[in-house]
Amino acid sequence: MTFPSWLSQLCRGLSRPIRRTTQPIWGSLYRSLVQSSQRRNPEFSSFAVRTNTCGELRSSHLGQEVTLCGWIQYRRQNTFLVLRDFHGLVQVVIPQDESAASVRKILCEAPVESVVQVSGTVISRPAGQENPKMPTGEIEIKVKTAELLNACKKLPFEIKDFMKKTEALRLQYRYLDLRSFQMQYNLRLRSQMVMKMREYLCNLHGFVDIETPTLFKRTPGGAKEFLVPSREPGKFYSLPQSPQQFKQLLMVGGLDRYFQVARCYRDEGSRPDRQPEFTQIDIEMSFVDQTGIQSLIEGLLQYSWPNDKDPVVVPFPTVTFTEALATYGTDKPDTRFGMKIIDISDVFRNTEIGFLQDALSKPHGTVKAICIPEGAEILPVFLNANRNWNSPVASFIMESQRLELIRLMDTQEEDVVLLTAGEHNKACCLLGKLRLECADLLETRGMVLRDPTLFSFLWVVDFPLFLPKEENPRELESAHHPFTAPHPSDIHLLYTEPKKARSQHYDLVLNGNEIGGGSIRIHNAELQRYILATLLKEDVKMLSHLLQALDYGAPPHGGIALGLDRLICLVTGSPSIRDVIAFPKSFRGHDLMSNAPDSIPSEELKPYHIRVSWPTDSKAERAH
Ligand code: ASP
């Protein structure tokens, strides 16, 4: 008999990639789990009633008496049963002889996804029935005893990874969704990477793992915070958006190398790929400069990188914020592909084309372009390389300009040039967005622009310290947070042209996603007070504890935070950060399993001196 087709389908289903990344299968999950420990293999069955896991049995176990516990993945004609645990799948032979009637009854009647315990002998599969695609495919279990540990009712969806289900349903029954191979892989890989990060930071570099409060007070500026009522009338705690103040205070306290797997909270409303609570690998150290933090993080990622991926190459390249914006139109460039922005203002200095003339006559006015390789496939053509330019402006472009453009843009037949004119930053941002849109379009047409196995890290440095406030551009706000130190060569600008001052902030970007950011901090109380009070017009009383601490011998210090959810999402090639969090919120911030946030009887709000003022339209809703 050949490898049963349902089993091959099952294995294919288990390993089906969600994206185009190479996704591992149960066997590689097992290998990566075993390799996770540097010194010895973990004992997966210690203290448990099982002797082995479902995925670990091989021909070397032949003849052994084993006890396995797992979920019924599949049953075939009451003769075989496939048992599953986090380690993999194993085939169990349902005994047919009369003397084993009770065992047969249990194994034949228990619904799929029931949890059972079986004891028996490891035997080889009959010749020809081996399954080379299944790590346990050479053996099967001849059962002697079986126990139904718990039956499974009719499921809201099939557990198999290849069965499509809506995300809302997955989140509602998250505990079932967690049984899928993909979720098992993501969460176990996450745990393994965090373990290695701890090892690297604490054991190799002397960092101290310290927990900081999550009941705190409001921090001026930055993201919106969640409030927690207190029993004191009108007084609230805030859930911190990050342990920023605490980690700096730890430096003042002489805990000179701090790290924490920190839960952070930001009340930013519904955003498709953000979570109101998320996790950071939060780091701070004393007596360090920017390059020190960058090397620490490169080493950390190299050390904790999963074994089944290509190794991380260090040092990571660095670009300045200004270069990133001018070349890629964003401060988080995806450097896996080209299509860079090129300044073609000089080609059009003497142009007769009105909108270009107009743009170039203004301060910071530019003409910029990107060249889309084989773009004629995906776009209505504006300017392509051949003579018959198909564009509303083509007839106004002189031959010399055309040749210069082709030279500058290195344009080939079938390429498309997208051109925009306007203020430098705006023009770049627009082309940056188009660059990504076009990359998506080209890839849907089959062109491989972004190698799914490639991890392209990049440091972005030399950010501006301040930005004009959106609501009032004449006022300033911190580009990151108000504790960021200015660039040493720009300190004088704080007193003359603060808008021009660069900061000692650095962002870490991976494949076009910001996965971390940090800075060297201000450790001088006077400078910190000047920035808060004079430049940012913040109420310094709210931060008096921090300002005071800086005055008591605060060491020079700096740090960084890595967004763990986003990092794991990219490493696993998951479509959403919700796929790497055990119990995430929906994109509206709801827990679809328990229905949080939930209403509270007004009686219970009394101790907090709070009364709900219902919006008028929801009153009607509540009346129903
Ligand atoms: N606390 C900062 C953040 O959450 C990171 C840092 O500056 O270390 O973005």
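Up top is the structure.
Parameters and conventions
- Residues numbered from 1 in each chain as written.
- Predicted model: local features only at pLDDT ≥ 70, side-chain atom pairs only at ≥ 80, totals over all residues.
- Heavy atoms only, no water.
- Salt bridge = Lys/Arg side-chain N within 4 Å of Asp/Glu carboxyl O.
- Helix = DSSP H or I, 4+ residues; strand = E, 2+ residues; numbered from the N terminus.
- Buried < 20%, exposed > 50% of the residue type's maximum accessible area, 1.4 Å probe, protein only.
- Near = heavy atom within 4 Å.
- Polar contact = N/O pair within 3.5 Å; in protein donor to acceptor, adjacent residues only side chain to side chain.
- Areas by Shrake-Rupley, 256 points an atom, 1.4 Å probe, with all protein chains shown as cover.
- Core = buried A, V, L, I, M, F, W, Y, C linked by side-chain atoms within 4.5 Å.
- Contact = heavy atoms within 4.5 Å.
- Axes fitted to C-alpha atoms, helices over the stretch in contact; angles between N-to-C directions.
- Parallel < 35°, antiparallel > 145°, perpendicular 65-115°, else oblique.
- Left-handed = near helix turned anticlockwise from the far one by under 90°.
- Nonpolar A, V, L, I, M, F, W, Y, C, P; charged D, E, K, R; others polar.
- Pairing = 2+ DSSP bridges.

Next up on the list: the pattern of salt bridges. Applying the stated rule across the entire model yields 35 salt bridges. The partner of Glu109 in a salt bridge is Lys105, and the shortest N-O contact between them spans 3.0 Å. You can see Glu109 and its partner Lys105 sitting in helix α3 (residues 101–109), four residues apart, about one turn around the helix. Classification of Glu109 by relative accessible area gives exposed; the value is 54%. Through salt bridges with shared partners, a single ionic network connects Arg170, Arg174, Asp177 and Asp579.

Inspection of the region around the ligand gives Ser242, Gln244, Lys247, Arg266, Gln280, His481, Gly517, Gly518, Arg521, Gly559, Ile560 and Ala561 as its neighbouring residues. A distance of 2.7 Å is found between an oxygen atom of the ligand and a side-chain nitrogen or oxygen belonging to Lys247. Within the side chain of Arg521, one N or O atom sits 2.7 Å away from an oxygen atom of the ligand. In the complex, 85% of the free accessible area of the ligand, which totals 270 Å², lies under the protein chains. Of all elements in the fold, only α7 (244–252), β20 (513–520) and β21 (557–563) reach the threshold of two or more residues within the shell around the ligand.

Our next topic: the nonpolar core. Residues Ile283, Ile297, Phe457 and Ile531 are the most contacted members of the largest nonpolar core, which totals 55 residues. Per-element tally for this core: the top contributor is helix α6 (residues 181–204), with eight residues. Non-local contacts of Ile283, meaning those with residues more than four positions away in its chain, are made with Leu201, Phe207, Lys247, Tyr258, Phe259, Leu296, Ile297, Leu300, Arg521, Gly559 and Ile560. Grouped together as the second largest cluster of nonpolar side chains are 22 residues, Phe321, Leu418, Ala439 and Val460 included.

A few words now on the packing of α6 against helix α8 (residues 290–304). Running from amino to carboxyl end, α6 crosses α8 at an angle of 135°, the nearest separation of the two axes being 8 Å. Taken together, the axes of α6 and α8 lie oblique to each other. Our pair here, α6 against α8, has a crossing hand that is right-handed. Contact residues: Met193, Lys196, Met197, Glu199, Tyr200, Leu201 and Leu204 in α6; Ser295, Leu296, Gly299, Leu300, Leu301, Tyr303 and Ser304 in α8. Split by residue class, the contact of α6 with α8 holds nine nonpolar, three polar and two charged.

In the contact formed by α6 and helix α15 (residues 564–572), the axes pass within 10 Å of each other and the chain directions differ by 120°. In this view, α6 runs oblique relative to α15, as classed from their interaxial angle. Crossing of α6 against α15: the hand is right-handed. In this structure, α6 contributes Tyr185, Asn186, Leu189, Arg190, Met193, Val194 and Met197 to the contact, and α15 contributes Leu564, Asp565, Leu567, Ile568, Val571 and Thr572. Its residues assigned to classes, the contact of α6 with α15 comprises nine nonpolar, two polar and two charged.

Next up on the list: unusual backbone geometry. Cis geometry marks the peptide bond from Val314 to Pro315; its omega dihedral reads -5°. With respect to the helices and strands, Pro315 occurs in the loop between α8 and β11 (318–320). With an omega of 0°, the peptide bond running from Ala596 to Pro597 counts as cis. Mapped onto the secondary structure, Pro597 falls in the loop between α15 and α16 (602–605). Here the phi dihedral of Asp462 falls at roughly 60°; this positive angle occurs in a residue that is not glycine. The exposure class of Asp462 is buried, given its relative accessible area of 17%. The phi angle at Asn595 is positive, at roughly 70°, despite the residue not being glycine. Its place among the elements puts Asn595 in the loop between α15 and α16. Residue classification places Asn595 among the exposed positions, given a relative accessible area of 54%.

Counting buried residues along strand β3 (residues 88–93), five of its six residues qualify, which places the element largely inside the surrounding structure. Bridge count for strand β2 (residues 80–85) against β3 is six bridges, and the pairing is antiparallel. Bridging from a neighbouring strand, Arg84 pairs with Leu89 of β3. Direction of pairing for β3 relative to strand β5 (residues 139–150): parallel, over a ladder of two bridges. Looking at the pairing, Val92 lines up with Ile141 of β5.

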